[in-house]
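Observations on the three-dimensional arrangement
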Amino acid sequence: MHVAVLGAGTMGRDIAHVCAVAGHEVTLRDVDSDALDAARDHVESNLAGGVERGKLTDDERDAALDRLTFTDSVDALSGAGVAIEAVPEDVDLKHAVLSEIEGVLAEDALVATNTSSLSVTTVMDALDEPSRGVGLHFFNPAYVMGLVEVVLGERTAVEDRAVGFVEGLDKEAVVVRDTPGFASSRLGVALGCEAMRMVESGVAAPDDIDAAMELGYRHPMGPLKLTDVVGLDVRLDILEYLREELGERFRPPQVLKRKVRAGKLGKKTGEGFYVWANGEAVRPAE
Ligand code: NAD
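Structural notes, computed from the coordinates. Since we're looking at a predicted model, the values are computed, not measured.

What counts as what
- Note that residues are indexed from 1 along each chain, following the sequence as it is written.
- Local features are withheld for residues below a pLDDT of 70 in this predicted model, meaning they are given only at 70 or higher, and side-chain atom pairs are given and counted only at 80 or more; totals for whole chains, interfaces and linings count all residues.
- Only heavy atoms go into the side-chain values, all of them from the structure, while hydrogens and water stay out.
- Strand pairing is assigned whenever DSSP detects at least two bridges linking the two strands.
- Here a helix means four or more residues in a row that DSSP labels H or I, a strand means two or more in a row labelled E, and each is numbered from the N terminus.
- Where helices are involved, their axes are fitted lines through C-alpha atoms of the stretch in contact, as for all axes, and angles between N-to-C directions lie from 0 to 180°.
- What makes two residues a contact is simply this: any of their non-hydrogen atoms within 4.5 Å.
- Orientation categories follow fixed angle ranges, with anything under 35 degrees roughly parallel, anything over 145 roughly antiparallel, 65 to 115 roughly perpendicular, and all other angles oblique.
- Helix crossings get a hand from a simple test, with the near helix turned counterclockwise from the far one by less than a right angle marking a left-handed crossing and a clockwise turn marking a right-handed one.
- Only Asp, Glu, Lys and Arg are considered charged in this grouping, and only Ala, Val, Leu, Ile, Met, Phe, Trp, Tyr, Cys and Pro are considered nonpolar; every other residue, Gly among them, is considered polar.
- A cavity here means a set of 1 Å grid points, computed over protein atoms only, where a 1.4 Å probe fits but cannot escape. A pocket is an open set with protein on both sides within 12 Å along at least 5 of 7 lines, and lining residues have an atom within 4 Å of a point.
- Grid points are joined across faces, edges and corners, and a volume is the space filled by probe spheres set on the points.
- Note that domain bounds follow an automatic or database assignment of domains.

Here the focus is the sheet that holds strand E5 (residues 110–113). Taking strand neighbours across the sheet as the criterion, the eight strands line up as E3-E2-E1-E4-E5-E6-E7-E8 in an open arrangement whose pairing is mixed. Where the open sheet ends on each side, the last strands, each with one partner, are strand E3 (68–71) and strand E8 (172–177). Looking at each pair of strands side by side, their axes are set apart by 25° on average, direction ignored. For strand E1 (residues 2–6) and strand E4 (residues 82–85), the ladder comprises four bridges, and the chain directions are parallel. Bridged to Leu6 within E4 is Glu85. Against the sheet, helix H2 (residues 33–52) makes contact with strand E2 (25–29) and E3, and its axis sits at roughly 160° relative to E3, the strand it touches most.

Here is the structure:
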């Protein structure tokens, strides 16, 4: 299958990697040549890491790289049977990208969006044939994470093909309706939100709350550390959106708003619910 991936950023480059390893011919398109160069380096280095860890052989790595094309040309997507857009989370931009590519894809192409929060139904309004549109919500890093949410828009008529495609990538498909936060973000954010309220009301320190979930419930990472990794600003945006759509139970905690106002955004700024150094959480923040 010829797979077109639009956007060579954090998600697109890893989705392209996954599709190429699964045996698809992949064309990764971006409008920014620096992003394309960085994506090529990133995928090469991750495939080399895969060889070192014994996940794939030298030949499999070489074959995957041979199947990957990095381009700024829309024509290079010609005849693709699957397109996955991973451009920034802006509905107008996504509409422009889907309108631009629909005509060059195969007539029966499946068109997917990797949006993490927008309505799939709304994103697919840009298509002449919205019934071929579906959400394929990959998780970061896509070449490691085993889950893809298959999000069904109001007019989606390609559920079985979408699930089959995901399974062919050796990922687990979870089918969800097009609702705010899908299944994963909604639950993940709810847990993080309650953990923040517990910090606020002095129930326990952040590292103890995280340890409770890591050791008591076998979560690989506690909800507060995860909030630091994702970014407090990102979580605040999601909570505000979910509050608008689903109600007051998603009201952002004051402690989150205060930290974001102070520029304490988590791992990326060196402090959130933890103080970070060299990519590691070294102690809970004051
Ligand atoms: P990003 O900013 O890292 O990458 C986006 C890329 O799209 C950039 O390289 C940009 O140059 C490119 N782009 C912009 N306009 C384009 C166009 N017209 N045609 C082709 N490429 C274009 O963004 P990201 O973090 O990879 O997010 C992409 C999508 O995936 C968003 O919808 C986001 O919500 C979703 N998502 C992100 C994550 C995450 O952890 N980052 C996880 C799941 C889903």
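Axis separation between helix H1 (residues 10–21) and H2 bottoms out at 10 Å; the angle between their running directions is 50°. When the axis of H1 is compared with that of H2, the two are oblique. Two packed elements cross with a definite hand, and for H1 against H2 that hand is right-handed. Here Arg13, Asp14, His17 and Val21 of H1 come into contact with H2, specifically with Ala39, His42, Val43, Asn46 and Leu47. Each residue belonging to the contact of H1 with H2 can be placed in one class, and the counts come to four nonpolar, three polar and two charged.

Computed from the structure, the largest pocket encloses a volume of approximately 1,800 Å³. Lining the largest pocket are 49 residues; nearest its centre among them are Met11, Ser116, His137, Phe138 and Asn140. Listed by contribution, the elements that provide at least two residues to the lining of the largest pocket are H1, helix H4 (91–102), strand E6 (133–138), helix H7 (184–200), helix H9 (223–230) and helix H10 (232–246). In terms of residue class, the lining of the largest pocket is made up of 26 nonpolar, 15 polar and eight charged. Counting only domains with at least three residues in the lining of the largest pocket, you end up with domain 1 (2–177) and domain 2 (184–275). Estimated volume of the second largest pocket: approximately 510 Å³. Taken together, 20 residues line the second largest pocket, and the ones lying closest to its centre are His17, Val21, Lys55, Leu56 and Tyr143.

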